[in-house]
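Survey of secondary and tertiary structure
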Amino acid sequence: MQRSKIAGIGYYVPKNVFTNEDLKKYMDTSDEWIQERTGIKERRYADRTGETTTTMGVEAAAIAIERAGITPQDIDFIVFATLSPDYYFPGCGVLLQRAMKMKEIGALDVRNQCSGFVYALSVADQFIKTGMYKNILVVGAEKHSFGLDFSTRGRNISVIFGDGAGAVVLQPTQKDGQGILSTHLHSDGESAEILAMYNPGTHANHWVTDPVAKFDEAEMGQMFMSHAMIDDAQNFPNMDGPSVFKKAIVKMPEVVHEALTANGLTAADINILIPHQANLRIAQFVQQKLQLRDDQVYNNIQKFGNTTAASVPIALCEAWEQGKIKEGDLVCLAAFGSGFTWAGALIRW
Ligand code: ACO
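Residues numbered from 1 in each chain as written. Predicted model: local features only at pLDDT ≥ 70, side-chain atom pairs only at ≥ 80, totals over all residues. Heavy atoms only, no water.

**Examining the sheet that holds strand β7 (residues 164-173)**
An order of β1-β7-β6-β4-β5 is seen for the 5 strands of this open sheet, with the pairing classed as mixed. The open sheet has two free edges, formed respectively by β1 (3-12) and β5 (106-110), since each of these has just one partner strand. The sheet shows a mean angle of 20 degrees between the axes of neighbouring strands, taken without regard to direction. Judged from the 5 bridges that link them, strand β4 (residues 77-81) and strand β6 (residues 136-142) form a sheet pairing that is parallel. Opposite Phe80, over in β6, you have Val139 as the bridge partner. Contacts between helix α11 (residues 311-321) and the sheet are confined to β1 and β7, with β1 contributing the most and set at about 90 degrees to the helix. (Pairing = 2+ DSSP bridges. Helix = DSSP H or I, 4+ residues; strand = E, 2+ residues; numbered from the N terminus. Axes fitted to C-alpha atoms, helices over the stretch in contact; angles between N-to-C directions. Contact = heavy atoms within 4.5 Å.)

**Things to note about the domain arrangement of the protein chain**
Domain parsing of the protein chain yields domain 1 (3-173) and domain 2 (179-192 + 238-298 + 310-348). When each unit is reduced to the centre of its C-alpha atoms, the spacing between domain 1 and domain 2 is 18 Å. Between domain 1 and domain 2, the contact holds 37 residues from the first and 34 residues from the second. Between domain 1 and domain 2 the total buried area reaches about 2800 Å² when both faces are included, carbon and sulfur atoms providing 68% of it. Between Arg67 and Glu321 there is a salt bridge; the shortest N-O distance is 3.1 Å. Secondary-structure elements contributing two or more residues to the side of domain 1 that touches domain 2 are β1, α2 (31-38), α5 (116-129), β6, α6 (155-158) and β7. With 8 residues, the single largest contributor to the side of domain 1 that touches domain 2 is β1. (Domains from an automatic or database assignment. Buried area = accessible area lost by both parts, 1.4 Å probe. Salt bridge = Lys/Arg side-chain N within 4 Å of Asp/Glu carboxyl O.)

**Notes on the site of the ligand**
Close contacts around the ligand come from 26 residues, with Thr29, Arg37, Cys114, Asn279 and Ser338 the closest. Measuring from an oxygen atom of the ligand, one finds a side-chain N or O atom of Trp33 at 3.2 Å. Within the backbone of Gly241, a nitrogen or oxygen atom sits 3.1 Å from a nitrogen atom of the ligand. Isolated, the ligand exposes 1000 Å² of accessible area, and the fraction of that covered by the protein chains is 75%. Looking at the shell around the ligand, the element that brings in the most residues is helix α8 (residues 241-262), giving 4 residues. Residues of the shell around the ligand, tallied by class, amount to 13 nonpolar, 9 polar and 4 charged. Per-domain counts for the shell around the ligand show at least three residues from each of domain 1 (3-173) and domain 2 (179-192 + 238-298 + 310-348). (Near = heavy atom within 4 Å. Polar contact = N/O pair within 3.5 Å; in protein donor to acceptor, adjacent residues only side chain to side chain. Areas by Shrake-Rupley, 256 points an atom, 1.4 Å probe, with all protein chains shown as cover. Nonpolar A, V, L, I, M, F, W, Y, C, P; charged D, E, K, R; others polar.)

**Comments concerning a nonpolar patch on the surface**
Taken together, the side chains of Tyr88, Phe89, Phe224, Met225 and Ile230 make up a nonpolar region of the molecular surface, amounting to roughly 540 Å² of accessible area. With respect to the secondary-structure elements, Ile230 resides in helix α7 (residues 227-231). A relative accessible area of 45% means that Ile230 is categorised as partly exposed. (Patch = residues over 30% accessible without salt bridge, like charges linked within 9 Å, V, L, I, M, F, W, Y side chains within 5 Å. Buried < 20%, exposed > 50% of the residue type's maximum accessible area, 1.4 Å probe, protein only.)

**Things to note about the side chain of Thr29**
You can see Thr29 is positioned in the loop between α1 (20-23) and α2. According to the relative accessible area criterion, Thr29 is buried, its value standing at 14%. Once you skip the residues sitting within four places of it in the chain, Thr29 turns out to touch Leu23, Lys24, Ile34 and Val159.

**What to know about the packing of helix α3 (residues 53-67) against helix α4 (residues 92-99)**
Interhelical geometry of α3 versus α4 gives an angle of 55 degrees and a closest axis separation of 9 Å. With respect to α4, the axis of α3 lies oblique. Our pair here, α3 against α4, has a crossing hand that is right-handed. Between α3 and α4, the contacting residues are Thr53, Thr54, Gly57, Val58 and Ala61 on the first element and Cys92, Leu95, Leu96 and Ala99 on the second. Looking at the contact of α3 with α4 residue by residue, the classes come out as 6 nonpolar, 3 polar and no charged. (Parallel < 35°, antiparallel > 145°, perpendicular 65-115°, else oblique. Left-handed = near helix turned anticlockwise from the far one by under 90°.)

Here is the structure:
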């Protein structure tokens, strides 16, 4: 069967560095707490007005496309993963298509949060395998800094996240054994509200266990986003961090094992694991469970924080740029996040 390979890869992070010390201006936190619990030293925040999730995606995509030796007009499908789109709708895929002056190709947005990029890669892989498309652009990008509660109330979430984008171009490969070997996607909606941003949304309190603003007749028309919701800080993400942590350290190694088993391989065969950069302690747990050496795992959360859908392609690109990924290497991607959703991929580079 026709396999797909990563023909070009790029990433972009904003220039604006925000250290843990900088965050202390807004909330009661400390460099010591953040580093000890998450490993994060600093993160990047997009320019307030000049940069959006899409513009960062465009920057990363331009590099990936150039490295693939093609032009934006050669791209025949876009898959864009983000939880922080420029608009509630339409999605970032079409905005990127417009910004890069691409042809009137299909543009699909994927909403799978931290596992969004691996899901997006899997979708693109299927289109290459069937022969439907030849050059697919897969993007993961986030502008978290616009949607976080920077008061002490939101400190368990806001210290974690950073902005950035990563992108790859997928193409069919003719080389025997090369390319994406398999992808593995999972979800467990039982815990959907454990890590979620409820508003704006159409739930009308139906699923949400936390009480949010109630509406009466006079508030018809304000149900999607009301003054009460804003006053009540319901427009920010909610997270039960310890519950996410506990599930992540089980499901990430599990999906890696699943991918290895599907290909008759073992953890010892992995040249490099790129775990979603949620928390350094999660990545260390995963490493320990898989019994991987330090040189078999790539982490960069220390300088970029958790960039959600962008974290895997940014780390993958950085590792590749540093010469840590060479032709023939076995690269493993693993991600876990809100939904819960989790996903893994094995790539013979
Ligand atoms: N600074 C200082 N103190 C803090 C901060 C902060 N930024 N945040 C929380 N605290 C306090 C809490 O108030 C609490 O205080 P208390 O004991 O007096 O009540 C204490 O620190 C411990 O809080 P916990 O939430 O139990 O801390 P924990 O060790 O679990 O670390 C963290 C929190 C970092 C969020 C961790 O649980 C985690 O990383 N979870 C996983 C996150 C994740 O992977 N998310 C998925 C990806 S995101 C996505 O998919 C969108």
